[in-house]
Amino acid sequence: MVTVDKPAVLTRSKKALLSVVIPVYQEGNHIKSSVKVIEQVLLEHGIFYEFILVDDGSKDNTWSELKSLAGSSDCMTAIRLSRNFGKESAICAGLEYAGGDMVLVMDADLQHPPELIPKMVDAWAEGYDVVEGIKHSRGKENFVYKLCARFFYYIIYKSSDIHLGQASDFKLLDRKVVEAWKKLPERAIFFRGMSAWLGFERKEIEFDVAERVNGTTKWSLLRLLRLALNAITSYTSVPLHCITLLGIIMFIGSVILGIQTLIVKFTGKASEGFTTVILLQLIIGSAIMTSLGIIGIYISKIYKEVKARPRYLISEFYKGGDDKC
Ligand code: UDP
Ligand code: MG
């Protein structure tokens, strides 16, 4: 157990315990050094801490590294998920096991600057319940990626009123926010959006996304697209309403076109109209396919929620170590 001088009544004092939750996937090469860097910052600033390291089904040496970290220190807990459930699920597992008065979620690759943690803890001590790291610059991302990210945030904002800005998963949450989060029942989760949806007293702190310490990003274009679709369909039903609108517009168009076609026919001026027919078929066909696709996404989400499977499964749990932190 972590031997921390915790006050009996939770006050926002510097003696409060900070849980650092880190989702880890294929980061075996550098996870130890990353944790050490973060730990150093916490020690220098006299912050009481524990680490909850969640291995999201890595296939490299990540788990053995996490186990060795947990074995060497009393303040480290290593959790291994039974397979790769995705970052959001790994974060959920971490939040579930975090016991601190405040919980910080951050990446394993030091792209979220550890130097910012004391500032975030200070903001929490001032009374903020959610302290968010906001990306000031997005680091080395290509132009198309940046444009897509902006478009994605814009759609979420316009359709659900949830302002994500340049949000990141680098967040510090007060215990009561974590408890509120744990009560949310849905399976398909999007951490960034969900914590914005919860509300509470929030403060934003800007940071520049650092270079990855090692390895490459785990997000392929396809995974990002899936995440974006999941996020949009989790927070808004606007795409469904757009389909209705599209249907109405197409109906008005077809009435006009129908009248025109009849007039042309009865006045005996009917031309062959081959191009028009082909174009109309293409437009209507693709509109129907897209609409069915959107409805399909929502149905599959409902299906997943109805199945109510757990967000993640834990295969191993490791907590050991002699050194007191
Ligand atoms: N991650 C995870 N599961 C995944 C993919 C990523 O737990 O399926 C973790 C990863 O180890 C890292 C964080 O999520 O700690 C962010 O991943 P990454 O650096 O690849 O994303 P990016 O910074 O490029 O958005
Ligand atoms: Mg990263």
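Being a predicted model, the structure only gives us computed values, none of them experimental.

What counts and what doesn't
- Residues numbered from 1 in each chain as written.
- Chains lettered and ligands numbered in written order.
- Predicted model: local features only at pLDDT ≥ 70, side-chain atom pairs only at ≥ 80, totals over all residues.
- Heavy atoms only, no water.
- Helix = DSSP H or I, 4+ residues; strand = E, 2+ residues; numbered from the N terminus.
- Contact = heavy atoms within 4.5 Å.
- Near = heavy atom within 4 Å.
- Polar contact = N/O pair within 3.5 Å; in protein donor to acceptor, adjacent residues only side chain to side chain.
- Areas by Shrake-Rupley, 256 points an atom, 1.4 Å probe, with all protein chains shown as cover.
- Nonpolar A, V, L, I, M, F, W, Y, C, P; charged D, E, K, R; others polar.
- Axes fitted to C-alpha atoms, helices over the stretch in contact; angles between N-to-C directions.
- Parallel < 35°, antiparallel > 145°, perpendicular 65-115°, else oblique.
- Left-handed = near helix turned anticlockwise from the far one by under 90°.
- Domains from an automatic or database assignment.
- Salt bridge = Lys/Arg side-chain N within 4 Å of Asp/Glu carboxyl O.
- Donors = N, O, S within 2.8 Å, 3.2 Å for Na, K, Ca; no water.
- Buried < 20%, exposed > 50% of the residue type's maximum accessible area, 1.4 Å probe, protein only.
- Patch = residues over 30% accessible without salt bridge, like charges linked within 9 Å, V, L, I, M, F, W, Y side chains within 5 Å.
- Pairing = 2+ DSSP bridges.
- Phe/Tyr/Trp six-rings, centres within 6.5 Å; stacked < 30°, edge-to-face > 60°.

### Focus on the environment of A210
Moving on, step 1. Inspection of the secondary structure assignment puts A210 in the loop between strand 7 (202–208) and helix 8 (221–235).
Moving on, step 2. Placed 97 residues apart in sequence, A210 and P113 show a C-alpha to C-alpha distance of 6.9 Å.
Moving on, step 3. Every residue in contact with A210, bar those within four places of it in the chain, is listed here: L110 and Q111.

### Quick look at the site of ligand 1
Moving on, step 1. Taken together, 17 residues lie near ligand 1, and E27, D56, D109, T217 and K218 sit nearest.
Moving on, step 2. Between P23 and ligand 1, the recorded distance is 2.7 Å, taken from a backbone N or O atom to an oxygen atom.
Moving on, step 3. A108 is positioned such that a nitrogen or oxygen atom in its backbone is 2.9 Å from an oxygen atom of ligand 1.
Moving on, step 4. Its free accessible area being 530 Å², ligand 1 has 91% of it covered by the protein chains.
Moving on, step 5. Looking at the shell around ligand 1 residue by residue, the class counts come to five nonpolar, four polar and eight charged.

### Quick notes on the packing of helix 6 (residues 175–183) against helix 7 (residues 191–198)
Moving on, step 1. It is the contact of helix 6 with helix 7, at a shortest axis distance of 11 Å, that shows an interaxial angle of 110°. In terms of their interaxial angle, helix 6 and helix 7 are classed as roughly perpendicular. Our pair here, helix 6 against helix 7, has a crossing hand that is right-handed. In this structure, helix 6 contributes V177, A180 and W181 to the contact, and helix 7 contributes F191, M194 and L198.
Moving on, step 2. Of the residues that constitute the contact of helix 6 with helix 7, the class distribution is six nonpolar, no polar and no charged.

### Overview of the domain arrangement of the chain
Moving on, step 1. Each domain of the chain was delimited in the assignment, giving domain 1 (18–214 + 310–319) and domain 2 (235–307).
Moving on, step 2. Between domain 1 and domain 2, the C-alpha centre-to-centre distance is 43 Å.
Moving on, step 3. Counting across the domain 1 and domain 2 interface gives zero salt bridges.
Moving on, step 4. Between the two partners, domain 1 and domain 2, sit zero residue pairs in polar contact (both at pLDDT 80 or more).
Moving on, step 5. Considering only residue class, the side of domain 1 that touches domain 2 consists of six nonpolar, three polar and two charged.

### Regarding the coordination of the magnesium ion (ligand 2)
Moving on, step 1. Protein-derived ligands of the magnesium ion (ligand 2) are D109 (OD) and Q111 (OE1), with the metal-ligand distances lying across 1.9 to 2.0 Å.
Moving on, step 2. Assessed through its relative accessible area of 4%, D109 is described here as buried.

### Describing a nonpolar patch on the surface
Moving on, step 1. A cluster of nonpolar side chains, I248, F251, I252, V255, I256, I259 and I263, forms an exposed patch at the surface whose accessible area comes to about 680 Å².
Moving on, step 2. Given a relative accessible area of 36%, V255 falls into the partly exposed group.

### Topic: the pairing of strand 6 (residues 167–174)
Moving on, step 1. The buried count for strand 6 comes to eight of eight residues, which makes it a mostly enclosed element.
Moving on, step 2. Sheet topology note: the strand 4 (residues 102–105)/strand 6 ladder contains four bridges and is antiparallel. Pairing of L104 across the sheet is with L172, part of strand 6.

### Considerations on unusual backbone geometry
Moving on, step 1. The phi angle at Q26 is positive, at roughly 55°, despite the residue not being glycine.
Moving on, step 2. Examined against the element boundaries, Q26 turns out to sit in the loop between strand 1 (17–24) and helix 1 (31–44).
Moving on, step 3. Residues other than glycine seldom take positive phi values, yet A308 does so here, at roughly 55°.
Moving on, step 4. In this fold, A308 is placed in the loop between helix 10 (274–307) and strand 8 (314–319).

### Notes on the packing of aromatic side chains
Moving on, step 1. With the rule as written, the count across this model stands at four aromatic pairs.
Moving on, step 2. Ring centres of Y97 and F317 lie 5.2 Å apart, and the angle between their planes is 50°; on these two criteria the pair is classed as tilted. Of this pair, Y97 sits in helix 3 (residues 87–97) while F317 sits in strand 8, and the two are 220 residues apart along the sequence.
Moving on, step 3. Classification of Y97 as partly exposed rests on a relative accessible area of 38%.
Moving on, step 4. Taking the centre distance of 5.3 Å and the plane angle of 80° together, the rings of W181 and F191 count as edge-to-face.

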